[in-house]
Amino acid sequence: MLTQNTTSEGAASAPDTQAPPTGERQPAPARSKRAAILGWTVTLSLTVVAPIITYNALRDHGFSEFAALLISSVWPVIDGAVHIAWRRRLDELAIVTLVFIVITAVVSTVGAHSARALLIKDSAVTGLFGLLCLATLLTPRPLIFYLGRKFATDGTERSIAWWNGLWQVDGFRKAMITMTTVWGVAYCMESAVRIVLSYTLRTDTMVVLSPVLIYAVLSSLGVWTAWYGKRSRRRGQARAAAAAAAAAGTTADEASTETPEAGVPAAETVKTAETKAPAAETETETTKTETKAETTKAEAKTEAEAEV
């Protein structure tokens, strides 16, 4: 998910060749409720419900925390295999869940196993996730792009192609990068605060406060992400409308510029006509004078002949 290979897998079934031009955002295709419900049912069952049940059952039977987490991580792998066989691509949420489980398993093996140490390790997990978010900013596409694709599409080839094509839109890319940055920084800060509180507060107090902080940060990020996404969409629509208006204005200016040019010959014709009018009058007077002179000459000749 976090590398070009995963991007290629998603693009294999939903090529980016259908991407809209830069600056334009195509409308979302109609979502299939049946496909969306089925996809989420499989994902939540294999990435959330099954790992929790498996972990608690193994712990009740005396398995160590590391062993229980390691065995529980099999379920997201199964979910990924199901999605590869079903839709020819990896499931985004399954990969994130697997990463969380692996990080938790690794952190659980480090250091002491006291209550305070476990609280600190739990805080370190979210901090590592924050660093992971920031690290994906160096990859072709950040983490929130893949999480957003999971929530914004129904998993069908058409909707995936639409989402992948949005990456060609400048405003969309900026929104995904900004969201990933905010999530990464927020979880790093949340982790640091919980680690400090784990050292300063009583363990009993921190046991109650720690999950409150986790869900408070998660819900806050969810609300902010929804708000920021809507604002980015509105701004994108406003930019598109402004671009269309500017294009229409340019067309109108070109039309108005061409109109005087079309009228130039008429103006020149009027001017030429006005110039030629006096000349015509002068020629008429000259003709009359010449005619009168010839008439006078003819009369004089006639009189002379008469005298002879």
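Here is what the cut-offs are and how they apply
Residues numbered from 1 in each chain as written. Predicted model: local features only at pLDDT ≥ 70, side-chain atom pairs only at ≥ 80, totals over all residues. Heavy atoms only, no water. Helix = DSSP H or I, 4+ residues; strand = E, 2+ residues; numbered from the N terminus. Buried < 20%, exposed > 50% of the residue type's maximum accessible area, 1.4 Å probe, protein only. Contact = heavy atoms within 4.5 Å. Areas by Shrake-Rupley, 256 points an atom, 1.4 Å probe, with all protein chains shown as cover. Patch = residues over 30% accessible without salt bridge, like charges linked within 9 Å, V, L, I, M, F, W, Y side chains within 5 Å. Salt bridge = Lys/Arg side-chain N within 4 Å of Asp/Glu carboxyl O. Phe/Tyr/Trp six-rings, centres within 6.5 Å; stacked < 30°, edge-to-face > 60°. Axes fitted to C-alpha atoms, helices over the stretch in contact; angles between N-to-C directions. Left-handed = near helix turned anticlockwise from the far one by under 90°. Nonpolar A, V, L, I, M, F, W, Y, C, P; charged D, E, K, R; others polar. pLDDT = per-residue confidence, 0-100. Lys, Arg positive; Asp, Glu negative; His and termini not counted. Charge placed at Lys NZ, Arg CZ, Asp CG, Glu CD. Core = buried A, V, L, I, M, F, W, Y, C linked by side-chain atoms within 4.5 Å. Parallel < 35°, antiparallel > 145°, perpendicular 65-115°, else oblique.

Caption draft 1: Structural view of the overall build of the chain. Along the chain, the regular secondary structure elements total 10 helices and 0 strands. Buried positions account for 31% of the 308 residues belonging to the chain. Within the chain, counting contacts between residues at least 6 apart in sequence, those at least 24 apart form 75% of the total. As displayed, the chain offers around 18300 Å² of accessible surface, 66% of which is attributable to carbon and sulfur atoms.

Caption draft 2: Representation of a nonpolar patch on the surface in the model. A surface patch of nonpolar side chains, amounting to about 390 Å² of accessible area, comprises Leu38, Val74, Ile78, Val82 and Trp86. The dominant element in the nonpolar patch, judged by the number of residues it contributes, is helix 4 (residues 74-87), at 4 residues. Overall, Val82 belongs to the partly exposed group, its relative accessible area being 33%.

Caption draft 3: Region of the structure containing helix 7 (residues 143-152). Within helix 7, 8 of the 10 residues are buried, which leaves the element mostly enclosed by the surrounding structure. Of all the residues in helix 7, the buried ones are Leu143, Ile144, Phe145, Tyr146, Leu147, Gly148, Arg149 and Lys150.

Caption draft 4: Fine view of the packing of aromatic side chains. In total, this model carries 9 aromatic pairs according to the counting rule given. Centre to centre, the rings of Phe145 and Phe172 are 6.2 Å apart; their planes meet at 80°, and the pair counts as edge-to-face. Of this pair, Phe145 sits in helix 7 while Phe172 is found in helix 9 (residues 170-200), placing the two residues 27 residues apart along the sequence. Residues Phe145 and Phe172 agree in their burial class; the two are buried. Relative to Tyr187, the ring of Trp183 lies with its centre 6.1 Å away and its plane at 45°, an arrangement referred to as tilted. Residue Trp183 and its partner Tyr187 are located together in helix 9, separated by 4 residues, close to a single helical turn. Classification of Trp183 as buried rests on a relative accessible area of 12%. Connected via pairs of aromatic rings, a cluster forms that spans Phe145, Tyr146, Trp162, Trp163, Trp167 and Phe172.

Caption draft 5: Inspection of the packing of helix 7 against helix 8 (residues 157-165) at higher detail. Where helix 7 contacts helix 8, the two axes come as close as 10 Å, and the packing angle between them is 145°. The interaxial crossing formed by helix 7 with helix 8 has right-handed handedness. Here Phe145, Gly148, Arg149 and Ala152 of helix 7 come into contact with helix 8, specifically with Ile160, Trp162, Trp163 and Asn164. Within the contact of helix 7 with helix 8, the residues separate by chemical class into 5 nonpolar, 2 polar and 1 charged.

Caption draft 6: Local environment of the confidence of the model for the chain. Per-chain confidence: the chain averages 74 in pLDDT, with 67% of residues scoring 70 or above. Averaged pLDDT values over the elements of the chain bottom out at 40 in helix 1 (residues 4-13) and peak at 93 in helix 9. Between residues 1-22, whose pLDDT stays under 50, and residues either more than four places distant or in other chains, the model counts 46 contacts. Overall, residues 304-308 carries pLDDT values under 50, and its contacts beyond four positions in sequence, including any with other chains, amount to 0 contacts.

Caption draft 7: Representation of a positive patch on the surface in the model. A cluster of basic residues, Lys174, Lys230, Arg233, Arg234, Arg235 and Arg239, forms a positive patch at the surface. For the positive patch, the element with the most residues is helix 10 (residues 203-307), which contributes 5 residues. Relative to the helices and strands, Arg239 resides in helix 10. Residue Arg239 is classed as partly exposed on the basis of its relative accessible area of 48%.

Caption draft 8: Fine view of the environment of Leu44. Secondary-structure assignment places Leu44 in helix 2 (residues 33-60). For Leu44, a relative accessible area of 38% translates into the label partly exposed. Between the alpha carbons of Leu44 and Pro76 there is a distance of 9.7 Å; along the sequence they are 32 residues apart.

Caption draft 9: Inspection of the nonpolar core at higher detail. Counting residues in each nonpolar core, the largest one holds 22 residues, and the members touching the most others are Phe129, Phe145, Trp163, Phe172, Met176 and Trp183. For this core, the secondary-structure elements that each account for two or more residues are helix 6 (115-135), helix 7, helix 8, helix 9 and helix 10. For this core, the leading source of residues is helix 9, giving 7 residues.

Caption draft 10: Quick look at the packing of helix 7 against helix 9. Running from N to C, helix 7 and helix 9 point in directions that differ by 105°, and their axes come no closer than 8 Å. By the angle class used here, helix 7 and helix 9 are roughly perpendicular. Each of Leu143, Ile144 and Phe145 in helix 7 lies in contact with helix 9, whose residues at this interface are Phe172, Met176, Met179, Thr180 and Trp183. Broken down by class, the residue content of the contact of helix 7 with helix 9 amounts to 7 nonpolar, 1 polar and no charged.

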